[in-house]
Each structure stands twice: as structure tokens, then as C-alpha cells.
Amino acid sequence: MKTRRIYKHDLTGQRFGRLMALYDTGERKNGKPLWECRCDCGNITRVKSNNLVSGCTKSCGCYSREKVIEMNTTHGGTGTRLFRIWTSMKTRCSNPNYKKYEYYGGRGIKVCDEWLHDFAAFRKWALANGYKDNLTLDRKDPDGNYEPQNCQWATWHEQRINQRR
């Protein structure tokens, strides 16, 4: 009769990715010991010892959730006032169905390549050039394009003074 040897490894205090092994629960899953672990995010989870040692499990699942969010987040500005300003600027210049298109895209006014498809570039310029929630995007030359050297932030009153007649 063969006897089966069971090797028990003490993983207490060892780090596996974001997990710190706390103690062997005494339970088994598929014949493997379950370890109670604390994740760096603060969650407590139970993991099979072989998944810890092999590196298959490195967190409570928080890492995967973070990666999914990161992969699906382009710039994180959707829904902000600044994003709406950027979207409106592009619509005025490129959508013939826009009610005031004739005063923008219809006159040949365009959005520069740097801003056209890159909200992050527009946001970076806006924040570096005095954007505040009470200001509006203004073109210094009303006949010029939307581009960094021709745009500034202005109050509604300043906008009215600068408007094309």
C-alpha cells in the first residue's frame, strides 16, 4: 500500500502580487489548501495555495477591474463642461445640420488638427490658458479657426464685445 505524502508549505506573511498570505484556513478546494489573504486594496479573499505560488492569482480581483476601467477610459472628461465646450466647437464647424453652421463651418472656420480628435490636447491647452467654469471659449480673430494661438477664455460680456457684426 502506497502512502501519499502531503507537503504543507507555510505561506504566512509571504507576498504574492497584491496579496499577503495571512493563514491557512484548514479548508481545501479541489484538494488544495485555501489561504486567507489580504489584498493591498483592503479586501480579504481566499485563494488556493497553488494559485498563489504559481502566480495565477495576484489580487482579489481589483487589478482586473482597474485594468478594464483603464482600457475603456480614453480621457475621463466625458460629461464635464469642458467636454461639452469641445464637442460644441467641433459641431459648429463640421455639422451642416447644426442651426448656426452657416456662421462657422459654412464660412470655412475649422478646428485645428491638434484638437479635432483629441479632447485631452484641448483640455491641456484649456487648463494651461486660464479655463474657469464661468468663462467661454472665444476666438481672438472671429474669422480665424479654433486653434491655440487664436483662442482665449472670455466672459460672456467680453464675448459680446468681440463678436462679428
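See above for the structure.
What counts as what
Residues numbered from 1 in each chain as written. Predicted model: local features only at pLDDT ≥ 70, side-chain atom pairs only at ≥ 80, totals over all residues. Heavy atoms only, no water. Core = buried A, V, L, I, M, F, W, Y, C linked by side-chain atoms within 4.5 Å. Buried < 20%, exposed > 50% of the residue type's maximum accessible area, 1.4 Å probe, protein only. Helix = DSSP H or I, 4+ residues; strand = E, 2+ residues; numbered from the N terminus. Contact = heavy atoms within 4.5 Å. Pairing = 2+ DSSP bridges. Disulfide = S-S within 2.5 Å. Expected span 1.5 Å × (residues − 1).

Chemist: Quick question: what am I supposed to make of the nonpolar core here?
Modeler: Here is a general trend for soluble globular proteins: nonpolar side chains tend to be buried in one another's company. The biggest cluster of nonpolar side chains holds 22 residues, and the ones touching the most others in it are M89, W115, F122, W125, L137, Y146 and W153. Looking at this core, the elements with two or more residues in it are α3 (81-94), α5 (119-128) and β6 (151-154). Residue contributions to this core peak at 6 residues, all from α3. Beyond its immediate stretch of four places on either side in the chain, M89 contacts V111, W115, F122, L137 and Y146. Of all hydrophobic cores here, the second largest spans 10 residues; its members include F16, L19, A21 and W35.

Chemist: How should I be thinking about the sheet that holds strand β3 (residues 32-39) in this particular structure?
Modeler: Either a parallel or an antiparallel arrangement is found when strands of a sheet pair, and the pairing is made through backbone hydrogen bonds. Spatially, the 4 strands line up as an open sheet ordered β1-β2-β3-β4, and their pairing is antiparallel. Since the sheet does not close on itself, it has two edges, and those belong to β1 (15-16) and β4 (44-48), each with one partner. Bridge count between strand β2 (residues 19-29) and β3: 7 bridges; the pairing is antiparallel. Looking at the pairing, L19 lines up with C39 of β3.

Chemist: How do you make sense of the state of the cysteines when you look at a structure like this?
Modeler: What we call a disulfide is simply a covalent bond connecting the sulfur atoms of a pair of cysteines. For the structure shown, the criterion picks out 0 disulfides. Just so you know, C39 is unpaired, no disulfide at all, and the nearest cysteine sulfur is the one on C62, 3.6 Å from it. Cysteine C41 shares no disulfide, and the gap to the nearest cysteine sulfur, in C60, comes to 3.6 Å. Judged by its relative accessible area of 42%, C41 falls in the partly exposed class.

Chemist: Where do I start with α3 in this structure?
Modeler: The periodicity of an α-helix, 3.6 residues per turn, causes residues three or four places apart in sequence to face the same way. Given a rise of 1.5 Å per residue, 14 residues ought to cover 20 Å, and the 20 Å separating the end C-alpha atoms of α3 matches this to within 8%. Considered for burial, the residues of α3 that qualify are L82, F83, I85, W86, M89, K90, R92 and C93. Turning to α3, the residues buried within the fold contact α4 (113-116), α5, β5 (136-139) and β6.

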